[in-house]
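# Fold and geometry: a report
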Amino acid sequence: NRNYGQMGLQADDYSEMDKEERLSMIRSRQSAGAAWVHDQRRRGTIDAMVAAWEAVTREEQVPTQKTVAEKAGISLRTVKTYWLNPSFAARVSTS
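Quick caveat: nothing in here was measured; it's all calculated off a predicted structure.

Thresholds applied
Residues numbered from 1 in each chain as written. Predicted model: local features only at pLDDT ≥ 70, side-chain atom pairs only at ≥ 80, totals over all residues. Heavy atoms only, no water. Salt bridge = Lys/Arg side-chain N within 4 Å of Asp/Glu carboxyl O. Helix = DSSP H or I, 4+ residues; strand = E, 2+ residues; numbered from the N terminus. Buried < 20%, exposed > 50% of the residue type's maximum accessible area, 1.4 Å probe, protein only. Contact = heavy atoms within 4.5 Å. Axes fitted to C-alpha atoms, helices over the stretch in contact; angles between N-to-C directions. Parallel < 35°, antiparallel > 145°, perpendicular 65-115°, else oblique. Left-handed = near helix turned anticlockwise from the far one by under 90°. pLDDT = per-residue confidence, 0-100.

Right, let's talk about the pattern of salt bridges for a bit. The tally for this structure, following the rule as stated, stands at 4 salt bridges. Across the pair Arg 42 and Asp 39 runs a salt bridge, and its minimum N-O distance is 2.4 Å. Residue Arg 42 and its partner Asp 39 are both found in helix H1 (residues 19-58); the two are separated by 3 residues, about one turn of the helix. Of the charged contacts in the structure, one is a salt bridge between Glu 59 and Lys 71, with a shortest N-O distance of 2.7 Å. With Glu 59 in the loop between H1 and helix H2 (65-72) and Lys 71 in helix H2, this residue pair connects regions lying 12 residues apart in the sequence. For Glu 59, a relative accessible area of 40% puts it in the partly exposed group.

This paragraph deals with the environment of Trp 83. Here Trp 83 lies in the loop between helix H3 (76-82) and helix H4 (86-93). When sequence neighbours within four positions are dropped, the list of residues in contact with Trp 83 reads Met 49, Trp 53, Pro 63, Thr 64, Gln 65, Val 68 and Phe 88.

Time to look at the packing of H1 against H4. One can describe the packing of H1 onto H4 by two numbers: an axis separation of 10 Å at closest approach and a directional angle of 25°. Compared by their axis directions, H1 and H4 come out roughly parallel. Here the hand of the crossing between H1 and H4 comes out right-handed. In this structure, H1 uses Arg 42, Ile 46, Asp 47, Met 49, Val 50 and Trp 53 to contact H4, whose residues at the interface are Ser 87, Phe 88, Arg 91 and Val 92.

Right, let's get into the confidence of the model for the chain. For the chain, the average pLDDT comes to 88, and 88% of its residues sit at 70 or higher. Across the chain, H2 holds the top mean pLDDT of 97, while H4 sits lowest at 90.

Structure (structure tokens):
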């Protein structure tokens, strides 16, 4: 029995499908996988930014994009991308 990973995808029987159906199914699964990976990376980035925000505030510094980027170890460009993201904003506004 094969392991279909974190997404829990079911095994598909491709033997009954023609080439176009098979390719369509594969593309659909690849697209779902890419979306899942993107979501995991986004969550990890936001988690790192929140942790950095909290660390900067504990040090009684002003949490700017630059200080959060430096503390989180991620690029300033990435921080700027996520700075106004509702998931990030909601988590730091309650800190």
